[in-house]
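Here is what each chain is made of, one letter per residue.
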Amino acid sequence: MVSLKLQKRLAASVLKCGERKIWLDPNEINEISLANSRRNIARLHRDGLIIKKPVIVHSRARVRAWNEAKRKGRHTGECFYLLISIVSCLL
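Numbering of residues starts from 1 in every chain and runs along the sequence as written. Under the rules for a predicted model, residues below a pLDDT of 70 receive no local features and side-chain atom pairs below 80 are neither given nor counted, while totals for whole chains, interfaces and linings still include all residues. The side-chain numbers reported here are obtained from all heavy atoms of the structure, hydrogens and water having been left aside.

A closer look at the nonpolar core
Phase 1: For our purposes a nonpolar core is just a set of buried Ala, Val, Leu, Ile, Met, Phe, Trp, Tyr and Cys residues, chained together by side-chain atoms within 4.5 Å. For the exposure calls, accessible area comes from a 1.4 Å probe over protein chains only, and a residue counts as buried if that area is under 20% of its type's maximum, exposed if over 50%, partly exposed in between. Residues Ile22, Leu24, Ile32, Ile41, Leu44 and Ile50 are the most contacted members of the largest nonpolar core, which totals 14 residues.
Phase 2: Within the residue set of this core, elements represented by two or more residues are α1 (5-15), β1 (22-24) and α3 (38-47).
Phase 3: Looking at this core element by element, the count peaks at four residues for α1.
Phase 4: In this description, contact between two residues means that some pair of their heavy atoms is separated by no more than 4.5 Å. With sequence-adjacent residues up to four places away left out, Ile50 is seen in contact with Ala11, Leu15, Ile22, Trp23, Leu24, Ile41, Leu44 and His45. Going along the chain from the N terminus, every DSSP run of H or I of four or more residues is numbered as a helix, and every run of E of two or more is numbered as a strand.

Concerning the packing of α1 against α3
Helix packing for two helices is described by the angle between their axes and how far apart those axes are.
Phase 1: What counts as an axis is a line fitted to C-alpha atoms, over the stretch in contact for a helix, and the angles between N-to-C directions run from 0 to 180 degrees. Where α1 meets α3, the closest approach of the two axes is 9 Å, and the angle between their N-to-C directions is 75 degrees. Judged on the interaxial angle alone, α3 and α1 are roughly perpendicular. Where α1 approaches α3, its residues Gln7, Leu10, Ala11, Ser13, Val14 and Leu15 are matched on the opposing element by Arg38, Ile41, Ala42 and His45.
Phase 2: Three classes are used: nonpolar for Ala, Val, Leu, Ile, Met, Phe, Trp, Tyr, Cys and Pro, charged for Asp, Glu, Lys and Arg, and polar for all others, with Gly counted as polar. Tallied by class, residues from the contact of α1 with α3 come to six nonpolar, three polar and one charged. Any angle from 65 to 115 degrees is called roughly perpendicular, while one under 35 is roughly parallel, one over 145 is roughly antiparallel, and all others are oblique.

Here we look at unusual backbone geometry
Phase 1: One non-glycine residue, Lys16, adopts positive backbone phi at about 55 degrees.
Phase 2: Within the secondary structure layout, Lys16 lies in the loop between α1 and β1.
Phase 3: Judged by relative accessible area, which is 71%, Lys16 ranks as exposed.
Phase 4: The phi torsion at His75 lies on the positive side, around 60 degrees, for a residue other than glycine.

Quick look at the side chain of Asp25
Phase 1: Mapped onto the elements, Asp25 comes out in the loop between β1 and α2 (29-34).
Phase 2: Counted as positive: Lys and Arg. Counted as negative: Asp and Glu. His and the chain ends are not counted at all. Any carboxyl oxygen of Asp or Glu that lies within 4 Å of a side-chain nitrogen of Lys or Arg is treated as forming a salt bridge with it. No salt bridge is formed by the buried Asp25; the nearest opposite charge belongs to Arg43, separated by 12 Å.
Phase 3: If sequence neighbours within four positions are ignored, Asp25 has contacts with Ile32 and Leu49.

As C-alpha coordinates, this is what we get:
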(Lines give C-alpha, C1' and ligand atoms only; values in the text may rest on other atoms or scores of the structure.)
Protein backbone atom coordinates (compact mmCIF):
# COMPACT_ATOMS: atom_id res chain seq x y z
CA MET A 1 0.00 0.00 0.00
CA VAL A 2 1.20 3.49 -0.85
CA SER A 3 1.89 6.00 1.93
CA LEU A 4 -0.35 9.06 1.57
CA LYS A 5 1.04 11.09 4.49
CA LEU A 6 2.18 13.95 2.26
CA GLN A 7 -1.16 14.13 0.45
CA LYS A 8 -3.07 14.08 3.72
CA ARG A 9 -0.90 16.86 5.16
CA LEU A 10 -1.24 18.99 2.05
CA ALA A 11 -5.00 18.42 1.93
CA ALA A 12 -5.34 19.47 5.58
CA SER A 13 -3.44 22.65 4.76
CA VAL A 14 -5.45 23.41 1.62
CA LEU A 15 -8.83 22.69 3.25
CA LYS A 16 -7.84 24.45 6.51
CA CYS A 17 -8.61 21.58 8.88
CA GLY A 18 -6.82 18.81 10.76
CA GLU A 19 -5.49 15.65 9.15
CA ARG A 20 -8.11 13.51 10.90
CA LYS A 21 -10.84 15.45 9.07
CA ILE A 22 -9.48 14.47 5.63
CA TRP A 23 -11.05 11.54 3.73
CA LEU A 24 -9.12 10.09 0.80
CA ASP A 25 -11.11 7.94 -1.63
CA PRO A 26 -9.77 4.37 -1.18
CA ASN A 27 -10.74 3.47 -4.75
CA GLU A 28 -8.54 6.23 -6.21
CA ILE A 29 -5.35 5.72 -4.17
CA ASN A 30 -3.17 5.52 -7.29
CA GLU A 31 -4.37 8.87 -8.61
CA ILE A 32 -4.14 10.52 -5.18
CA SER A 33 -0.59 9.25 -4.70
CA LEU A 34 0.51 11.11 -7.86
CA ALA A 35 -0.62 14.46 -6.42
CA ASN A 36 2.43 16.15 -4.93
CA SER A 37 1.43 19.83 -4.93
CA ARG A 38 -1.26 21.97 -3.35
CA ARG A 39 -2.72 22.72 -6.77
CA ASN A 40 -3.09 18.99 -7.52
CA ILE A 41 -4.67 18.42 -4.09
CA ALA A 42 -7.15 21.27 -4.72
CA ARG A 43 -8.06 19.73 -8.09
CA LEU A 44 -8.66 16.35 -6.44
CA HIS A 45 -10.87 18.07 -3.86
CA ARG A 46 -12.93 19.67 -6.65
CA ASP A 47 -13.24 16.24 -8.30
CA GLY A 48 -14.47 14.71 -5.04
CA LEU A 49 -11.54 12.35 -4.43
CA ILE A 50 -10.53 14.24 -1.30
CA ILE A 51 -13.29 15.31 1.09
CA LYS A 52 -13.30 17.36 4.29
CA LYS A 53 -15.29 15.38 6.88
CA PRO A 54 -18.01 17.24 8.83
CA VAL A 55 -17.41 18.48 12.34
CA ILE A 56 -18.36 15.96 15.03
CA VAL A 57 -21.14 17.19 17.32
CA HIS A 58 -20.01 17.70 20.90
CA SER A 59 -23.21 17.56 22.91
CA ARG A 60 -23.51 19.53 26.14
CA ALA A 61 -26.65 17.69 27.35
CA ARG A 62 -24.77 15.78 30.07
CA VAL A 63 -23.08 18.98 31.26
CA ARG A 64 -26.41 20.79 31.50
CA ALA A 65 -27.89 17.93 33.55
CA TRP A 66 -24.84 17.90 35.83
CA ASN A 67 -25.01 21.67 36.34
CA GLU A 68 -28.74 21.48 37.09
CA ALA A 69 -28.01 18.89 39.79
CA LYS A 70 -25.22 21.11 41.14
CA ARG A 71 -27.72 23.98 41.47
CA LYS A 72 -29.87 21.65 43.56
CA GLY A 73 -26.87 20.93 45.83
CA ARG A 74 -25.76 17.57 44.45
CA HIS A 75 -22.12 16.57 43.86
CA THR A 76 -20.81 18.81 46.63
CA GLY A 77 -18.50 16.18 48.07
CA GLU A 78 -20.06 15.98 51.53
CA CYS A 79 -22.41 13.21 52.56
CA PHE A 80 -25.57 14.89 53.81
CA TYR A 81 -26.76 11.88 55.87
CA LEU A 82 -23.36 11.53 57.54
CA LEU A 83 -23.52 15.18 58.61
CA ILE A 84 -27.02 14.68 60.06
CA SER A 85 -25.86 11.68 62.12
CA ILE A 86 -22.85 13.59 63.46
CA VAL A 87 -24.97 16.62 64.39
CA SER A 88 -27.60 14.45 66.08
CA CYS A 89 -24.89 12.71 68.16
CA LEU A 90 -23.57 16.07 69.31
CA LEU A 91 -27.02 17.25 70.39
